[in-house]
Amino acid sequence: MNTEYLTWYKNLEIELHERKNACLLLSSAVSEPTEFLEKHLQDLLQDNFATTLAIPDSWGYPPLMDAVAERYGVNADCVVPTGGVSNAIYLLCRTLVGDGGEVVVETPSYEPLRIVPESIGCRMMTFRRQLPDFSVDYNQLQEAISKDTQLALLSNLHNPSCVALSDDNLLAIAGVAKSINPDILIVVDEVYHDFIYDKQQP
């Protein structure tokens, strides 16, 4: 059912993209910044682009890896480039959770947070981000996690509501989860984290 919905939605997006008199207001697709990319490539060409590209590294473009590492205050060896967030979620689930492993995820959620673990055979449990403020229901979180839960997935800013979790919220979530299973891993999707008004460390 979920796959059918995604296929329908993508086909609708493609159909409306080709029409001049209609658009899909709920689309999250973002056009490529082609003018910016072209200018950036021209600047690189002037700075010995060929030599830079000749640097062998199967893990990614070294200047990009260094820039990301500096941005997040980590060693470049800790940076793994992926083909978008959905691909990152897939790699995380494949790496951190075995076949048939147990995963808990917030709801409502960014759909791949739920669909990706399901697609690789994980047992899924959910906890609610409750209305009207999309705060975490800690009682539901406690009920959803068991001693077998290997991974908890959530987002900050919350996708789709854009609600931010404070450091206290995040520590409370970790406290509840670790009290049930000290070995649980908690992954927070922070793709929209830079939109948090009050600066917060990743």
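Further up the page is the structure itself.
Residues numbered from 1 in each chain as written. Predicted model: local features only at pLDDT ≥ 70, side-chain atom pairs only at ≥ 80, totals over all residues. Heavy atoms only, no water.

Trainee: Just checking my understanding: could you explain the sheet that holds strand β3 (residues 135–136) for this structure?
Mentor: Either a parallel or an antiparallel arrangement is found when strands of a sheet pair, and the pairing is made through backbone hydrogen bonds. If you trace the five strands from one edge of the open sheet to the other, you get β3-β2-β1-β4-β5, paired in mixed fashion. The strands lining the two open edges of the sheet, one partner per strand, are β3 and β5 (185–189). Where strand β4 (residues 149–155) lies against β5, five bridges are found, and the strand directions are parallel. Note that in β5 the partner of A152 across the bridge is I186. Strand contacts of helix α8 (residues 167–180): β3, β4 and β5, with the helix running at about 150 degrees to β5, the strand carrying the most contacts. (Pairing = 2+ DSSP bridges. Helix = DSSP H or I, 4+ residues; strand = E, 2+ residues; numbered from the N terminus. Contact = heavy atoms within 4.5 Å. Axes fitted to C-alpha atoms, helices over the stretch in contact; angles between N-to-C directions.)

Trainee: Help me out: how do you make sense of the packing of aromatic side chains in this one?
Mentor: What describes a pair of aromatic rings is the distance from one ring centre to the other and the angle between the planes of the rings. Per the stated rule, a full pass over the model turns up one aromatic pair. For the pair Y192 and F195, a centre-to-centre distance of 6.4 Å together with 45 degrees between the ring planes defines the contact as tilted. Stacked on the ring of Y72, the Lys or Arg R71 has its end atom at 4.7 Å from the ring centre. (Phe/Tyr/Trp six-rings, centres within 6.5 Å; stacked < 30°, edge-to-face > 60°. Lys NZ or Arg CZ within 6 Å of the ring centre and 35° of its normal.)

Trainee: Help me out: how do you make sense of α8 in this one?
Mentor: An α-helix turns once every 3.6 residues. As a result, residues three or four positions apart point the same way. Over its 14 residues, α8 runs 20 Å from end to end, which matches the ideal 20 Å to within 8%, given 1.5 Å per residue. Buried within α8 are the following residues: I173, V176 and A177. Considered in projection along α8, the buried side chains sweep an arc of 95 degrees and stay on one side of the axis. The exposed set on the far side of α8, more than 90 degrees from its buried face, consists of D168, L171 and S179. (Expected span 1.5 Å × (residues − 1). Buried < 20%, exposed > 50% of the residue type's maximum accessible area, 1.4 Å probe, protein only. Arc of directions from axis to C-beta.)

Read these as geometric descriptors, not functional statements.
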